[in-house]
Amino acid sequence: MDFGDCYRVLGLRSGASFVDIKTSYRRLAQQYHPDINPGDKKAQDKFIALTEAYKLLLTVVPPEEMAQQRSSQSQEKAAQSTHTARPEPVVTVTQEKPTPKAPSKPTPKPPNLVEIEQRLKWKTYEQLQRFLKERRFPQAIALAEALAERLPEDAEVRQWQAIAYQIWGRALIKEKQLLKARIYLKKALKTDPNNKSLSQEVQRDFQKLEQAF
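Rules used in this analysis
Residues numbered from 1 in each chain as written. Predicted model: local features only at pLDDT ≥ 70, side-chain atom pairs only at ≥ 80, totals over all residues. Heavy atoms only, no water. Helix = DSSP H or I, 4+ residues; strand = E, 2+ residues; numbered from the N terminus. Polar contact = N/O pair within 3.5 Å; in protein donor to acceptor, adjacent residues only side chain to side chain. Phe/Tyr/Trp six-rings, centres within 6.5 Å; stacked < 30°, edge-to-face > 60°. Buried < 20%, exposed > 50% of the residue type's maximum accessible area, 1.4 Å probe, protein only. Lys NZ or Arg CZ within 6 Å of the ring centre and 35° of its normal. Axes fitted to C-alpha atoms, helices over the stretch in contact; angles between N-to-C directions. Parallel < 35°, antiparallel > 145°, perpendicular 65-115°, else oblique. Left-handed = near helix turned anticlockwise from the far one by under 90°. Contact = heavy atoms within 4.5 Å. Nonpolar A, V, L, I, M, F, W, Y, C, P; charged D, E, K, R; others polar. pLDDT = per-residue confidence, 0-100.

As recorded in an unreviewed UniProt entry, the chain goes by the name J domain-containing protein, listed as coming from Scytonema hofmannii FACHB-248.

Enquirer: Would you mind going over the environment of Asn-195 with me for this structure?
Expert: With respect to the secondary-structure elements, Asn-195 resides in the loop between helix 8 (178–191) and helix 9 (196–212). In the structure, Asn-195 is positioned 33 residues away from Ala-162 in sequence and 9.4 Å away in space, judged by C-alpha atoms. A polar side-chain atom of Asn-195 sits 3.3 Å from the main-chain amide nitrogen of Ser-197. Looking at Asn-195, its side chain comes within polar contact range of the main-chain nitrogen of Leu-198, at 3.0 Å.

Enquirer: Before we go on, may I ask you to explain the packing of aromatic side chains in this structure?
Expert: Pairs of aromatic rings are described using the distance from one ring centre to the other and the angle between the two planes. Taken as a whole, this structure holds seven aromatic pairs when the rule is applied. Here the aromatic rings of Trp-122 and Tyr-125 are separated by 5.6 Å at their centres, their planes lie at 80°, and the arrangement is edge-to-face. Taken together, the positions of Trp-122 and Tyr-125, both in helix 5 (residues 113–133) and three residues apart, correspond to about one turn of that helix. Looking at Trp-122, the relative accessible area reads 37%, which means it is partly exposed. What makes Tyr-125 partly exposed here is its relative accessible area of 27%. Look at Trp-168 and Tyr-184: their rings are 4.6 Å apart centre to centre, the planes differ by 45°, and that puts the pair in the tilted class. Highlighted residues: Trp-168 in helix 7 (residues 155–174) and Tyr-184 in helix 8, separated in sequence by 16 residues. Pair check on accessibility: Trp-168 and Tyr-184 agree, each one buried. The ring of Tyr-32 has Lys-46 lying over it, and the distance from NZ or CZ to the ring centre is 5.8 Å.

Enquirer: Is there a simple way to explain the packing of helix 7 against helix 9 in this structure?
Expert: One way to put it is that helix 7 packs onto helix 9 with a least axis distance of 10 Å and a crossing angle of 20°. Regarding the angle of helix 7 to helix 9, the classification is roughly parallel. Crossing angle aside, the handedness with which helix 7 passes helix 9 is left-handed. Contacts between helix 7 and helix 9 involve Ala-162, Ile-163, Gln-166, Arg-170 and Ile-173 on the former and, on the latter, Leu-198, Glu-201, Val-202, Asp-205 and Leu-209. Classifying every residue of the contact of helix 7 with helix 9 by side-chain character gives six nonpolar, one polar and three charged.

Enquirer: What am I meant to see in the confidence of the model for the chain here?
Expert: Atom-level detail of predicted coordinates should not be read off regions where pLDDT is low. Across the chain, the average pLDDT comes to 78, with 75% of residues at or above 70. Here residues 89–94 is a poorly scored stretch, pLDDT under 50, and it has zero contacts once near neighbours within four places are set aside; other chains count.

Enquirer: Would you mind showing me how to read the environment of Asp-205 here?
Expert: Take Asp-205: it is sitting in helix 9. When its relative accessible area of 1% is taken as the criterion, Asp-205 is described as buried. The spatial distance from the C-alpha of Asp-205 to the C-alpha of Leu-185 is 7.9 Å, given a sequence separation of 20 residues. Each residue touching Asp-205, except ones within four places of it in the same chain, is listed here: Gln-166, Arg-170, Ile-173 and Leu-185.

Here it is, written out as structure tokens:
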């Protein structure tokens, strides 16, 4: 199941927020829960698919993003209420000089979209490294593809995606799944064609592949 399938299983569009994902999962999980549908195999399969899709999407859409969005909204509302407040009456003092007011502290700006995307990028990279280390290659590929879809112009993300393809292709050679290995090695070259180092590694993998036939 890739990330596009995950969104479709939950009845959402690609790129839905954490709140939308959680709300849709709770609604559908309650509808298809085995306790509510005893003996219904289709409902049980649907419930399992919903749970897997929900868990996989949480690796890409972390709850922190929701907290940041709420923080930004609350700060915007506070700023609006300040601008719309009625001014207090001005009292003119003739005999005494007015005491100067201490400068007000600047209101901290909410994190912009670029900062959020960068945090998500590097958190996803750490998760990708764990998946590859644990040889959870399908999850690593799905995670890399989802990040590349979200940041299509990021050269580093494209490189990570290509390396994930190449690592899985190499593992498939050892498992004697040669046709599948060829597919993912070709994907590695196509994803990052200007990476000379990766290209050399993939060419060596192709040589091993030909020897294994």
